[in-house]
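Spelled out from the first residue to the last, the chains are:
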Amino acid sequence: MAMKNCFQVSSVYSTRAGVVQCYQPFSSVKKIHLPIGNGLNKSNLSFTSSCSSLSLPLGSRSRNSLILCKAREAVNEVQVVTDSSWENLVISSENPVLVEFWAPWCGPCRMIAPAIEELAKEYAGKVACFKLNTDDSPNIATKYGIRSIPTVLFFKNGEKKESIIGAVPKSTLSSTLDKYVE
């Protein structure tokens, strides 16, 4: 899972009167170091920031303050979508979506798969990349009139925007994605 450019940092302070929370968007954090390894822990996560606009009431205990980091999901791989997950993963997505319609027996589908995997890594957090096996999920393929595979559909705000049929170069897919990425 990619964790680049996807943090919101909050400081929570305990007080006698309750809890005071200071929200700090990522852009206000001056320094953040994230490891590329297999997880985060105190020894490999560091950042510097301050909540200068926060004035704590008397009796506050900053000793008990906690730092909360919420990582937005930024998946850097092509995920499988099915008839049952289509609505949640594709139609409801806040990001633009690339969906490859494929089948295991399709030679051109196997040729285009590495390009789509590379795009999923390059556009992690900006574009959601999915693949739909037309043999396993024929209803969605029928709904969108898929008659030839591989077919790649591009969605934004739940609407189909564009389609590309056949094994095309990565640059063709990339230039199409660039139209929908903000």
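Keep in mind the model is a prediction, meaning the values are calculated, not measured. (Residues numbered from 1 in each chain as written. Predicted model: local features only at pLDDT ≥ 70, side-chain atom pairs only at ≥ 80, totals over all residues. Heavy atoms only, no water.)

Bridge count between strand E9 (residues 151–156) and strand E10 (residues 159–165): 6 bridges; the pairing is antiparallel. Paired with Lys-156 across the strands is Glu-159, a residue of E10. Count of turn residues in the E9/E10 antiparallel hairpin: 2 residues, of which Asn-157 carries a positive phi of about 55 degrees. (Pairing = 2+ DSSP bridges. Helix = DSSP H or I, 4+ residues; strand = E, 2+ residues; numbered from the N terminus.)

Take the state of the cysteines next. With the rule as written, the count across this model stands at 1 disulfide. Each sulfur of the disulfide joining Cys-106 and Cys-109 lies 2.4 Å from the other. Handedness here is read from the sign of the S-S torsion; for Cys-106 and Cys-109, about 80 degrees, the answer is right-handed. One exposure class covers both Cys-106 and Cys-109, and it is buried. (Disulfide = S-S within 2.5 Å. Buried < 20%, exposed > 50% of the residue type's maximum accessible area, 1.4 Å probe, protein only.)

This part covers the nonpolar core. Membership of the largest hydrophobic core comes to 20 residues, with the highest contact counts inside it found for Trp-86, Val-90, Val-99, Phe-101 and Phe-155. For this core, the secondary structure elements donating two or more residues are helix H1 (86–91), strand E7 (97–102), strand E8 (128–133), helix H3 (138–143) and E9. Ranked by residue count, the leading element in this core is E7, at 4 residues. Apart from the residues lying within four places of it in its own chain, the contact partners of Val-99 are Val-81, Trp-86, Val-90, Phe-130, Leu-132, Thr-151, Val-152, Leu-153 and Phe-155. Ranked by size, the runner-up nonpolar core spans 15 residues in total, among them Tyr-123, Cys-129, Val-152 and Leu-177. (Core = buried A, V, L, I, M, F, W, Y, C linked by side-chain atoms within 4.5 Å. Contact = heavy atoms within 4.5 Å.)

Turning our attention to the sheet that holds E7. Read across the sheet, 5 strands follow the order E6-E8-E7-E9-E10 without closing on themselves; strand pairing throughout is mixed. Looking at which strands have only one partner, the edges of the open sheet turn out to be strand E6 (79–80) and E10. Where E6 lies against E8, 2 bridges are found, and the strand directions are parallel. Each bridged residue has a counterpart across the sheet, and for Gln-79 the counterpart in E8 is Phe-130. Here helix H2 (residues 107–122) sits on the sheet and contacts E7, E8 and E9; the angle it forms with E7, its principal contact strand, is near 160 degrees. (Axes fitted to C-alpha atoms, helices over the stretch in contact; angles between N-to-C directions.)

When pLDDT is averaged along the chain, the result is 73, and 59% of the positions lie at 70 or above. In this model residues 1–73 is a low-confidence stretch, pLDDT under 50, and it forms 95 contacts with partners more than four residues away in sequence or in other chains. (pLDDT = per-residue confidence, 0-100.)

According to the stated counting rule, one finds 5 aromatic pairs in the structure shown. Taking the centre distance of 5.4 Å and the plane angle of 90 degrees together, the rings of Tyr-144 and Phe-155 count as edge-to-face. Note that Tyr-144 is positioned in the loop between H3 and E9 and Phe-155 in strand E9, a separation of 11 residues in sequence. The two residues Tyr-144 and Phe-155 agree in class, both being buried. (Phe/Tyr/Trp six-rings, centres within 6.5 Å; stacked < 30°, edge-to-face > 60°.)

Attention now goes to the pattern of salt bridges. Where side chains of opposite charge bring their charged atoms close, a pairing between them can arise. For the structure shown, the criterion picks out 4 salt bridges. Two residues, Lys-161 and Glu-159, come together in a salt bridge whose shortest N-O distance is 3.5 Å. Owing to a relative accessible area of 39%, Lys-161 belongs among the partly exposed residues under this scheme. A relative accessible area of 48% means that Glu-159 is categorised as partly exposed. (Salt bridge = Lys/Arg side-chain N within 4 Å of Asp/Glu carboxyl O.)

The subject of this paragraph is the environment of Ala-167. Residue placement: Ala-167 occurs in the loop between E10 and helix H4 (170–180). Ala-167 gets classed as partly exposed once you look at its relative accessible area, which sits at 40%. Through-space distance from the C-alpha of Ala-167 to that of Val-152 is 9.4 Å; in sequence the pair is 15 residues apart. Setting aside anything within four residues of it in sequence, one finds Ala-167 in contact with Pro-108, Ile-112 and Pro-150.

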